[in-house]
Amino acid sequence: MSDLEARVRLLEDVEAVRQLVSAYGLAVDSGSAGATAALWTEDGTYDVVPQPLVGRAALTAMVDSEGHRSLIARGCAHVLGAPHVLLDGDRAVATCHSLVLLRDAERREHRVWRVAANRWELVRTVDGWQVSTRVNRLLDGSDDAAALLAAGLAGGPS
Amino acid sequence: MSDLEARVRLLEDVEAVRQLVSAYGLAVDSGSAGATAALWTEDGTYDVVPQPLVGRAALTAMVDSEGHRSLIARGCAHVLGAPHVLLDGDRAVATCHSLVLLRDAERREHRVWRVAANRWELVRTVDGWQVSTRVNRLLDGSDDAAALLAAGLAGGPS
Amino acid sequence: MSDLEARVRLLEDVEAVRQLVSAYGLAVDSGSAGATAALWTEDGTYDVVPQPLVGRAALTAMVDSEGHRSLIARGCAHVLGAPHVLLDGDRAVATCHSLVLLRDAERREHRVWRVAANRWELVRTVDGWQVSTRVNRLLDGSDDAAALLAAGLAGGPS
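Values in this document were obtained by computation on a predicted structure and should not be read as measured data.

### Considering the environment of Asp 64 of chain C
Residues and elements named next belong to chain C. Positionally, Asp 64 belongs in helix α3 (residues 56-64). Remark: the alpha-carbon pair of Asp 64 and Trp 129, spanning 65 residues in sequence, is separated by 24 Å. Residues contacting Asp 64, with those up to four places away along its chain left out, are Ala 33 and Arg 69. At 3.1 Å, the side chain of Asp 64 forms a polar contact with the side chain of Arg 69.

What follows is the structure, encoded as structure tokens:
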């Protein structure tokens, strides 16, 4: 591979990571359970409080759950911030904020229900880039979320 | 065109689409009517409830309207989420969330006034990429917005 | 440099600018004072109301301040919108919205505390792209923020 081709491949890799992360909100807010699960590897993990989801079947079940469907029916948006991407060959880490906005019909506006820090660990597979682990921690003043964000910077915490 | 050049061109196309979408918020929140309309083709459509806008003159009139100017005077931000981009030669579809935040002087904060799903249909023209149609549907629990988001995923709804 | 290499370099430059802007939220919300300051040049400026910060020491002090640490402890997210990027050789301007969300424990949600327009002026240095000046103006209906957004469009105000 030429130097220039290697540089193009790096750009393509970052682009693929951005596409994966931007697909998440479309998938969950449309109730597309299969498309959501397909962002992860077969045995991928969504490490979210209070209960981590492990494997595509668990992700599918989350999107198909009554709880999730009631969020969609009420008016719900999962908005992901622009990810900060660190590439390392066939692995990548993307770190970003996420907001979950919920319609409040009475106030005629959306409430900012959940604000979290997210770490997406991705792997290059024969089917393209996929999520091996996503960690989500609420930005509620706990140290966990701050540590997650710091770890997503190129030089790590400082 | 070499293989490598074709790959570079794809990256440039995605980048051009991101630039177009990111220009929208700058244009409308600064009251730049001409710059807003210039994002669309001459006969482009902004399909928004309750009244679709058709053609650049209608887009210019929207930004120049008293209603829009009063939003800016009050303190207004049109924030677009990171678009998920599907390219197909000289056409592209970019799908993202959008938020309209309005200053509430009394509460000394911004209200999340409108949260919507957006489908940007773009075409390559002699003047670069332009929007042929943008569809905006509020995320208020209606099926329209969910269907729009699902259609923006690579494999379509699932 | 070949034509194709020049095109790749432009894409890399835009990508580097996006990475810089997306690093900001990770750095400040994790209290990483050194990483925040390192986004700027040694004598870089963060032009924010009421008091501009000049030089890396001032930026470090801001992140290390009691005021900033109390925001983090309360639950705080600095969310940057997708930047609109204008490149000009070794200089670049990136314009975007920013939101600061603050946890309101009583309402069990986040308040949208500050919504601003941002102009990032960047320079290519021997250590890569860095911020020479960031200007932040609240979107509270004042002309400053609108002018800043308009200046970030390719053709300028219109």
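### Observations regarding the relation of the copies chain C and chain A
When chain C is brought onto chain A, the operation consists of a screw motion whose angular component is 120 degrees and whose axial shift is 0.0 Å, with 0.0 Å RMSD remaining. One copy is carried onto the other by what is essentially a three-fold rotation axis. Taking C-alpha positions as reference, the residue of chain C nearest the rotation axis is Ala 82 of chain C, located at 3.7 Å. The two copies present different faces, since only 17% of the interface residues in chain C are matched by interface residues at the equivalent positions in chain A.

### A short note on the relation of the copies chain A and chain B
Its rotation angle being 120 degrees, the transformation that places chain A on chain B also includes 0.0 Å of axial translation and leaves an RMSD of 0.0 Å. Interface residue correspondence from chain A to chain B reaches only 17%, placing this contact among heterologous pairings that use different surfaces.

### A look at the interface of chain C and chain A
Between chain C and chain A, the contact holds 36 residues from the first and 27 residues from the second. For the pair chain C and chain A, the summed buried area comes to about 2600 Å², and 61% of that belongs to carbon and sulfur atoms. Contact with chain A buries surface across chain C, with Gln 19, Leu 26 and His 110 of chain C losing the most and accounting together for 23% of the total. Here chain C is connected to chain A by five salt bridges. We note a salt bridge from Arg 107 of chain A to Glu 109 of chain C, for which the minimum N-O separation is 3.1 Å. Scanning the region where chain C abuts chain A turns up twelve residue pairs in polar contact (both at pLDDT 80 or more). For the side of chain C that touches chain A, the secondary-structure elements that each account for two or more residues are α1 (3-29), α2 (33-37), α4 (66-74), β3 (76-80), β5 (91-104) and β6 (109-125) of chain C. The element contributing the most residues to the side of chain C that touches chain A is α1 of chain C, with 15 residues.

### Digging into empty space enclosed by the protein
The tally for this structure, following the rule as stated, stands at nine cavities of 30 Å³ or more. Taken together, 24 residues make up the lining of the largest cavity; nearest its centre are Ala 82 and Pro 83 of chain B together with Gly 81, Ala 82 and Pro 83 of chain C. Those elements that place two or more of their residues in the lining of the largest cavity are α1 (3-29) of chain A, α1 (3-29) and β3 (76-80) of chain B together with α1 of chain C. In terms of residues, the lining of the largest cavity owes the most to one element, α1 of chain B, which gives five residues. Of the residues that constitute the lining of the largest cavity, the class distribution is twelve nonpolar, nine polar and three charged. What the second largest cavity holds in volume is close to 140 Å³. Looking at the lining of the second largest cavity, the elements with two or more residues in it are β3 (76-80) of chain A, β3 of chain B together with β3 of chain C. Looking at the lining of the second largest cavity residue by residue, the classes come out as twelve nonpolar, three polar and no charged.

### Section: unusual backbone geometry
Across the chain, the bulk of peptide bonds are trans and the bulk of non-glycine residues have phi less than zero. Put simply, Val 49 of chain A and Pro 50 of chain A share a cis peptide bond, and its omega is 5 degrees. Relative to the elements of secondary structure, Pro 50 of chain A occurs in the loop between β1 (40-48) and β2 (53-54). We note that Arg 108 of chain C has phi near 55 degrees; this positive angle belongs to a residue other than glycine. Relative to the assigned elements, Arg 108 of chain C resides in the loop between β5 and β6.

### Thoughts on the packing of aromatic side chains
Each pair of aromatic rings is reported with the distance of its centres and the angle of its planes. This structure, assessed with the given rule, holds 15 aromatic pairs over all chains. For the pair Trp 40 of chain A and Tyr 46 of chain A, a centre-to-centre distance of 5.7 Å together with 40 degrees between the ring planes defines the contact as tilted. Of the two residues, Trp 40 of chain A and Tyr 46 of chain A, neither departs from the other in class, the shared state being buried. On the numbers, 6.1 Å between centres and 70 degrees between planes, the contact of Tyr 24 of chain B with Trp 40 of chain B is edge-to-face. Of this pair, Tyr 24 of chain B sits in helix α1 while Trp 40 of chain B sits in strand β1 (residues 40-48), and the two are 16 residues apart along the sequence. Comparing Tyr 24 of chain B with Trp 40 of chain B shows no difference in burial state: the two are buried. Here the aromatic cluster, defined as three or more aromatic residues joined through ring pairs, consists of Tyr 24, Trp 40, Tyr 46 and Trp 120 of chain A. Its guanidinium or amino end placed over the ring of Tyr 24 of chain B, Arg 134 of chain B lies 4.4 Å from that ring's centre, counting from NZ or CZ.

Reading the values: rules and limits
- Residues numbered from 1 in each chain as written.
- Chains lettered and ligands numbered in written order.
- Predicted model: local features only at pLDDT ≥ 70, side-chain atom pairs only at ≥ 80, totals over all residues.
- Heavy atoms only, no water.
- Helix = DSSP H or I, 4+ residues; strand = E, 2+ residues; numbered from the N terminus.
- Contact = heavy atoms within 4.5 Å.
- Polar contact = N/O pair within 3.5 Å; in protein donor to acceptor, adjacent residues only side chain to side chain.
- Least-squares fit on C-alpha atoms with pLDDT ≥ 70 in both.
- Buried area = accessible area lost by both parts, 1.4 Å probe.
- Salt bridge = Lys/Arg side-chain N within 4 Å of Asp/Glu carboxyl O.
- 1 Å grid on protein atoms, 1.4 Å probe; cavity = no way out; pocket = protein on both sides within 12 Å on 5 of 7 lines; lining within 4 Å.
- Points joined across faces, edges and corners; volume = space filled by probe spheres on them.
- Nonpolar A, V, L, I, M, F, W, Y, C, P; charged D, E, K, R; others polar.
- Phe/Tyr/Trp six-rings, centres within 6.5 Å; stacked < 30°, edge-to-face > 60°.
- Buried < 20%, exposed > 50% of the residue type's maximum accessible area, 1.4 Å probe, protein only.
- Lys NZ or Arg CZ within 6 Å of the ring centre and 35° of its normal.

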